[in-house]
Amino acid sequence: AYILSQLKTQSVPDSASTEEKDPNDFCFPAETFVNLADGSEKPITSITEGEMLSGISQGKVTRIETHEGSFQLTRLLIKPHGQAWVSAKVRDGQSALEAPATHPLLTLTGRKKISQLRVGDWVFVRDAVSGRFVTAEISVIQHAVRNVTHVYNLRTESGTYETESIIALDKN
């Protein structure tokens, strides 16, 4: 609860990083599901500007970015800690999220890029029964699982949104 209460709604760049930032490297593949404020979900490619998304704070989509190229994805398998998953994309009791290694997620210790995560780290997810945000453990990290030619990113008023019921942060 403390981390959530300290979260700024405007995303702040990772000032500790000295690597050059590629604006195309913060996106999700087309089949990623995004959670809407009304409790439903739909593919990121179907999201429109002005739609209300679920996140730490609900927020409207202010911008949708589509990028073409070759993008290598990392897959995280997230193990629930007693909560039910909203997404239909649960396999073997775990939820999977794929994104480039530089996309930021909200963890128990704050904002981290996927490349900074380790097995055993905790990310925030929405509990489908209570509707509260709880932590879930990263059980597997698979690097370079596949390449895609199109990726999509959302900018929101709140700076957070749910992908596959996992809290993602806007890239800036």
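For the structure itself, consult the block above.
So, here is what we can say about the structure in this document. (Residues numbered from 1 in each chain as written. Predicted model: local features only at pLDDT ≥ 70, side-chain atom pairs only at ≥ 80, totals over all residues. Heavy atoms only, no water.)

A word on the pattern of salt bridges. The full count for this structure, using the stated rule, is nine salt bridges. Measuring nitrogen to oxygen at the nearest pair gives 2.8 Å for the salt bridge that ties Lys42 to Glu51. Owing to a relative accessible area of 23%, Lys42 belongs among the partly exposed residues under this scheme. (Salt bridge = Lys/Arg side-chain N within 4 Å of Asp/Glu carboxyl O. Buried < 20%, exposed > 50% of the residue type's maximum accessible area, 1.4 Å probe, protein only.)

Further remarks concern the environment of Val125. Locating Val125 in the fold gives a position in strand β9 (residues 122-126). Judged by relative accessible area, which is 0%, Val125 ranks as buried. As for Val125 and Glu137, which are separated by 12 residues in sequence, their C-alpha atoms are 9.9 Å apart. (Helix = DSSP H or I, 4+ residues; strand = E, 2+ residues; numbered from the N terminus.)

This paragraph deals with the side chain of Glu98. Within the secondary structure, Glu98 is located in strand β6 (residues 94-99). Here the side chain of Glu98 touches Arg75 through a polar contact of 2.5 Å, side chain to side chain. Side-chain polar atoms of Glu98 contact the side chain of Arg146, separated by 2.7 Å. Setting aside residues no more than four positions away along its own chain, Glu98 makes contact with Phe28, Pro29, Glu31, Thr32, Leu73, Thr74, Arg75, Val145 and Arg146. (Polar contact = N/O pair within 3.5 Å; in protein donor to acceptor, adjacent residues only side chain to side chain. Contact = heavy atoms within 4.5 Å.)

Glancing now at the nonpolar core. Within the largest apolar cluster, 25 residues are counted, with the highest numbers of intra-cluster contacts made by Leu53, Leu76, Ile78, Leu105 and Leu154. Within the residue set of this core, elements represented by two or more residues are β4 (59-79), β6, β9, β10 (133-156) and β12 (166-169). A per-element tally of this core places β10 first, with six residues. (Core = buried A, V, L, I, M, F, W, Y, C linked by side-chain atoms within 4.5 Å.)

Here the structure, examined in full by the defined rule, presents one aromatic pair. Taking 6.3 Å as the distance between ring centres and 80° as the angle between the ring planes, the aromatic pair formed by Phe28 and Tyr161 counts as edge-to-face. Pair noted here: Phe28 is in the loop between α1 (2-6) and β1 (33-35) and Tyr161 is in strand β11 (residues 160-163), with a separation of 133 residues, a long-range link. Grouping residues by exposure puts Phe28 and Tyr161 together as buried. (Phe/Tyr/Trp six-rings, centres within 6.5 Å; stacked < 30°, edge-to-face > 60°.)

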